[in-house]
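# Residue-level structure breakdown
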Amino acid sequence: MIASHLLAYFFTELNHDQAQKIDKYLYHMRLSEETLQEVSQRFGREMEKGLGADTNPTASVKMLPTFVRSTPDGTEDGDFLALDLGGTNFRVLRVKVSDNGLQKVEMENQIYAIPEELMRGSGVQLFDHIAECLANFMEKLKIKDKKLPLGFTFSFPCHQTKLDESILVTWTKGFKCSSVEGKDVVSMLRKSIKKRGDFDIDIVAVVNDTVGTMMTCGYDDHNCEVGLIVGTGTNACYMEEMRHIDLVEGDEGRMCINMEWGAFGDDGVLNDIRTEFDREIDMGSLNPGKQLFEKMISGMYMGELVRLILVKMAKEGLLFGGKLTPDLLTTGHFETRYVSAIEKEKEGLQKAHEILTKLGLEPSHEDCVATHRICQIVSTRSANLCGATLAAVLRRIKENKGLDRLRSTVGVDGSVYKKHPHFARRLHKTVRKLLPDCEIRFVRSEDGSGKGAAMVTAVAYRLAAQHKARQKILEALKLSHEQLLEVKQRMRIEMEKGLGKETHTEATVKMLPTYVCSTPDGTEKGDFLALDLGGTNFRVLLVRVRNGMRRGVEMHNKIYSIPVEIMQGTGEELFDHIVHCISDFLEYMGMKGVSLPLGFTFSFPCQQNNLDEGILLKWTKGFKATGCEGEDVVNLLKEAIHRREEFDLDVVAVVNDTVGTMMTCGYEDPYCEVGLIVGTGSNACYMEEMRNVELVEGEEGRMCVNMEWGAFGDNGCLDDIRTEFDLAVDELSLNPGKQRFEKMISGMYLGEIVRNILMDFTKRGLLFRGRISERLKTRGIFETKFLSQIESDCLALLQVRSILQHLGLETTCDDSIIVKEVCTVVARRAAQLCGAGMAAVVDKIRENRGLDFLKVTVGVDGTLYKLHPHFSTVMHETVKQLSPKCEVTFLQSEDGSGKGAALITAVACRIREAGQR
């Protein structure tokens, strides 16, 4: 008993000693973690080179664009053909993909041989043969009458320019067909099919087998964004951000990059870790100096590396008692599958004995242990190097996405990965060591080159069909030049109705007279108070207007809140509160007891019968104070001032914020005769000839008309351009059927329109994989500020995704592009409609004055106009196109409701004084 224990111990020690000797001898092949980190960093730099336009020509890692822009999302379906040509046999497959809640793939395939003489004949003969085999296959399956989409796996070095165009760079693997190199293999195949004329197919995609591997796994695991092959050769591909791919136009979205990483090191960057054995293998290969990384890793060379080490050690008398045999000295006689067999847990040493004996040697136990250790070192180095480069790829994806933790999946294929007993485990371990902050799954791919090609085709088909469906829906929101002209004409008709005495009552665009009859001329001066009431906050301002050399406006203001109980109490309470705030402000400014002229910005629907008289038609924005509707707000304010008996104020003007906007800009620019607000709501005003304002006596001069244009279309005149989404937004709003124009163009509603479109897309399975989240069903979550953020040019799709994630929407890269497109279409339409309305206004001013050409400035305010990255540009362009006889300048207003009210008061005081003189 003890004897057997001792014997076992003795053998273990012996094995251990022998292994240590080998470890010392092959010291250079055992790579430390630092070295692997360094290799990983170097590979990251090589990837950068391959992606850059200037550095790509000299880069050894070519980083070829594949034009595959999306991975499967599981909703693919249909009938596809695949063709797999990569060696002496080629396969034709029929792949049925179905998505009826259960993803499933059915495949039938047939293998055809390529005779030796065809591999060396002409290209035309080769493709004719392939077409014939295709015909034979389709005949068998009785599908010759169908035009099926086909994916073509062509595993030779190619330069791809489109998804369905691939130019052969050089033949490899024993092929030498004439006049194919430098030509597009797809058009050659198409010609051969056309020549036959007995069937037709739609060649959709040319695919490299690595990409196929990624796509096959991507069908089952939507996190899969890397493909890896470690077999006879080795290569990898991954999804890169378009903005980093210099060789392809466009910055939106992602594209799969076929790295061709076997050539890593061809420029010498791996020389310090290559050993004498690597150099010897390279010298004896068919392509010396090329694919140096592949020669350290892949199955084609692994056995050969072990053989070279065995030979050298035997020559030095360290193995087999210094004995060599002709078999051991023959290139290729130690096959890679031997390495796998020798490294198996249980029977490894026995296998080593069998294999070495077969090579004519008489191995001792130590020789078998040594051979086992050599195999281990060679295959471990292979797995470690592969892990180092893979870690660089995953690190890049993580940085591209701006994540702290990456969860991703790698689809893997190849005989070394699948058949070697420890390769996969060692590879995973290296990746985990080098990237501790990532969770990486490895999935074995089943038939990447066949099923994968069909998958690429299925995805391309799905994308095309979905794109078409989305465009059809968005078509309704895209307005032609003719439609915009029509909107301009209709706005003009509605304006005339609002101005006319007879038609005013039923007009939707009310065209209210404001009694502001003049814009600033620069001679205004004095101190004025302004009140600004338009929401839950209320402002009091002191505005000092100077003229002459020191011309300018100086402002002081204080903001007060209005408690809900006062908003909804009695009118007396509300106006007493306002007067209390004014009193506090005057005290704060040290101006108690001074009587100043006052302008009152009152942003609620009013009917003005004079500059200083505004009758409140109805409360909006949550105000409900009793005893105010139908009353003159100036009177209510004056009464409250008298009740307080502290100070006296001269209320000169009641002002609407749009008019204030025009006046503020008018102070800077004498040409400013139009005011526009595009913010939460929208409205416009302009200087109309008195003779056209039929509601007010007098023919001389001009008066500013507050259009209240948000109600344009309330009589149905815009129904032909309103979409189902506009109707949905209107129906659920607080005032259905009212302010229809405003609901198509203003900030309060654009986000809702977008949300409705996204809901519709999702219901139709065109977005978010058809899954509607509870958040997406919630009204108002898609704030209009998100439109501005999403469309901002400097924002990568990354930020779009984070905005969508903040809304609880799990999105892919494709989803982000679609959301951005919807935002663009909705905002563009809003800007164009706004421009059409504006064109009607400036053309009316021009015609009023009988001019062939008008130069005019529009004062503009509002968050949408100021903050959205493209709204103003599109609107300006539209005005220019629709009113070519007007030169319109747009000037952003600063504080129209505060400063504007003071300026109206200043102008009124100036005119009043001139009248008194």
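Refer to the structure presented above.
To start, this report covers the structure provided alongside it.

Procedures and definitions
All residue numbers refer to position in the chain's written sequence, counted from 1. Only residues with pLDDT of at least 70 get local features here, since the model is predicted, and only at 80 or more are side-chain atom pairs given and counted; chain-wide, interface and lining totals rely on the full set of residues. Note that the side-chain values use all heavy atoms of the structure and ignore hydrogens as well as water. In this scheme, a residue with accessible area under 20% of its type's maximum is buried, one over 50% is exposed, and one in between is partly exposed, where area comes from a 1.4 Å probe on protein chains only. Only DSSP runs of H or I with at least four residues qualify as helices, and only runs of E with at least two residues qualify as strands; both kinds are numbered from the N terminus onward. Any two strands are treated as partners once DSSP identifies two or more bridges connecting them. For this document, the term salt bridge refers to a Lys or Arg side-chain nitrogen within 4 Å of an Asp or Glu carboxyl oxygen. In what follows, residue pairs with any heavy atoms lying within 4.5 Å of each other are defined as contacts. For every element, the axis is a line fit to its C-alpha atoms; helices are fit only across the contacting stretch, and the angle between N-to-C directions ranges from 0 to 180 degrees. With a 1 Å grid laid over protein atoms only, a set of points is called a cavity when a 1.4 Å probe fits there but cannot get out and a pocket when it is open yet has protein on both sides within 12 Å along at least five of seven lines; lining residues have an atom within 4 Å of a point. Grid points are joined across faces, edges and corners, and a volume is the space filled by probe spheres set on the points. Here the term charged refers only to Asp, Glu, Lys and Arg, the term nonpolar to Ala, Val, Leu, Ile, Met, Phe, Trp, Tyr, Cys and Pro, and the term polar to all other amino acids, Gly among them.

Consecutive side chains of a regular strand alternate in pointing toward one face of the sheet and then the other. The element strand S2 (residues 78-85) is extensively covered by neighbouring structure, given that seven of its eight residues are classed as buried. Here S2 pairs with strand S3 (residues 89-99) via eight bridges, running antiparallel. Looking at the pairing, Leu 81 lines up with Arg 94 of S3. Where S2 folds back on S3, the antiparallel hairpin that results is connected by three residues. Relative to strand S5 (residues 148-154), S2 runs parallel, the two sharing five bridges. Bridging from a neighbouring strand, Leu 81 pairs with Leu 150 of S5.

On to the pattern of salt bridges. As enumerated under the stated definition, the model contains 72 salt bridges in all. The salt bridge involving Asp 576 is made with Arg 643; its shortest N-O contact spans 2.9 Å. In this pair, Asp 576 is assigned in helix H18 (residues 571-588) and Arg 643 in helix H19 (residues 633-644), connecting sequence segments 67 residues apart. A residue is classified by how much of its surface remains accessible, and Arg 643, at 38% relative accessible area, is partly exposed. The shortest N-O distance in the salt bridge between Lys 777 and Glu 774 comes to 3.1 Å. According to the relative accessible area criterion, Lys 777 is partly exposed, its value standing at 45%. Residue classification places Glu 774 among the exposed residues on the basis of a relative accessible area of 56%. If you follow the salt bridges from partner to partner, you end up with Lys 488, Arg 492, Glu 496, Asp 843, Arg 846 and Glu 847 in one network.

What follows deals with the sheet that holds strand S13 (residues 438-444). Read from one edge to the other, the open sheet built from six strands follows the order S1-S11-S10-S9-S12-S13, with strand pairing classed as mixed. Whereas interior strands pair on both sides, the edge strands pair on one side only; in this sheet they are strand S1 (64-65) and S13. One ladder, built from two bridges, connects S1 with strand S11 (residues 254-258); its direction is antiparallel. Note on S11: the bridge partner recorded for Leu 64 is Asn 258. Relative to strand S9 (residues 224-230), helix H6 (residues 209-220) is tilted by about 130°, and along the sheet it contacts S9, strand S10 (234-241), S11, strand S12 (406-413) and S13.

This next bit is on empty space enclosed by the protein. Evaluated as defined, the whole model comprises five cavities of 30 Å³ or more. One number sums up the size of the largest cavity: a volume of about 140 Å³. Cys 158, Gln 160, Ser 166, Asn 208 and Asn 258 are, among the 16 residues lining the largest cavity, the residues nearest its centre. Of all elements in the fold, only S1, strand S6 (158-162) and strand S8 (201-207) reach the threshold of two or more residues within the lining of the largest cavity. Across the lining of the largest cavity, the residue classes break down as ten nonpolar, five polar and one charged. Space inside the second largest cavity adds up to approximately 120 Å³. Together, 13 residues line the second largest cavity, and Phe 604, Cys 606, Gln 608, Asn 656 and Asn 706 are the ones closest to its centre. Those elements that provide at least two residues to the lining of the second largest cavity are strand S14 (512-513), strand S19 (606-610) and strand S21 (650-655). Top element by residues in the lining of the second largest cavity is S19. It accounts for three residues. Looking at the lining of the second largest cavity residue by residue, the class counts come to eight nonpolar, four polar and one charged.

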